[in-house]
Amino acid sequence: MTTPALSFVIPLYRSAATIGAMVREIETLAVEGGHEIILVNDGSGDATGDVCRALVRDAKVPITLVELARNYGEHNAVLIGWRHARGAHIVNLDDDGQNPPAEAVRLWRHAKESGLD
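In this text, all values refer to a predicted model and were calculated from it rather than measured experimentally. (Residues numbered from 1 in each chain as written. Predicted model: local features only at pLDDT ≥ 70, side-chain atom pairs only at ≥ 80, totals over all residues. Heavy atoms only, no water.)

**Q** Is there a simple way to explain the pairing of strand 2 (residues 35-41) in this structure?
**A** On a regular strand, each side chain points to the face opposite its neighbour's, so the side chains alternate between the two faces of the sheet. A large share of strand 2 lies buried, amounting to seven of its seven residues. Handedness of the β-α-β unit built from strand 1 (residues 6-12), helix 1 (residues 19-27) and strand 2 comes out right-handed. As paired strands, strand 2 and strand 3 (residues 63-67) are joined by five bridges and run parallel to one another. Within strand 3, the position partnered with V40 by the bridge is V66. Handedness of the crossover joining strand 2 and strand 3 through helix 2 (residues 48-57) is recorded here as right-handed. (Buried < 20%, exposed > 50% of the residue type's maximum accessible area, 1.4 Å probe, protein only. Helix = DSSP H or I, 4+ residues; strand = E, 2+ residues; numbered from the N terminus. Right-handed = clockwise from strand over helix to strand, strands pointing away. Pairing = 2+ DSSP bridges.)

**Q** Just checking my understanding: could you explain the side chain of H89 for this structure?
**A** With respect to the helices and strands, the residue H89 is situated in strand 4 (residues 89-92). Take H89: its relative accessible area is 16%, and that puts it in the buried class. Non-local contacts of H89, meaning those with residues more than four positions away in its chain, are made with A5, L6, S7, W108, A111, L116 and D117. (Contact = heavy atoms within 4.5 Å.)

**Q** I'm lost on helix 2 in this one. Help?
**A** Since the α-helix packs 3.6 residues into each turn, any two residues three or four apart lie on the same face. Buried residues of helix 2: T48, G49, C52 and L55, and no others. Buried residues in helix 2, looked at end-on, bunch into an arc of 120°, giving them a common side. In helix 2, the exposed positions angled more than 90 degrees off the buried face are occupied by D50 and R57. Of the surrounding secondary structure, the elements contacted by the buried residues of helix 2 are strand 1, helix 1, strand 2 and strand 3. (Arc of directions from axis to C-beta.)

**Q** Even after reading the chapter, I still don't get the sheet that holds strand 4, so can you show me in this structure?
**A** Neighbouring strands of a sheet are bound in pairs by backbone hydrogen bonds; such pairs are parallel or else antiparallel. Within the open sheet, the four strands sit side by side as 3-2-1-4. Their pairing is parallel. Taken across any chain shown, the strands that pair with only one partner, and hence form the sheet edges, are strand 3 and strand 4. Going from strand to strand, the sheet's axes swing by 20° on average, the running direction of each strand aside. Where strand 1 lies against strand 2, seven bridges are found, and the strand directions are parallel. Directly across from F8, in strand 2, lies its bridge partner I37. (Axes fitted to C-alpha atoms, helices over the stretch in contact; angles between N-to-C directions.)

No statement about biological role is implied by the geometric values presented.
What follows is the structure, encoded as structure tokens:
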């Protein structure tokens, strides 16, 4: 398994209605060197886990799903996602598309071209 160039870390809480569209959008992105998605379900009480397991099953890019036993908060979910990320660069995104994934790729390209970590 090769190391992806970019990891998208997405903390999830009650995200069953939004995460599918977000993952599909990330899957369409062109990332030189490849990319992966890390989903961290932070104890959601809705169908988030079921939706995510279906996304993993049908994934077009590697997806890692981490399911926490209870809600530990966004900060902890992000840090857990970082621990599972394998990419040379990591981008955090919200589960609702507030920040467009294409903009994250644009920032990553700038960091890569500028030699930034």
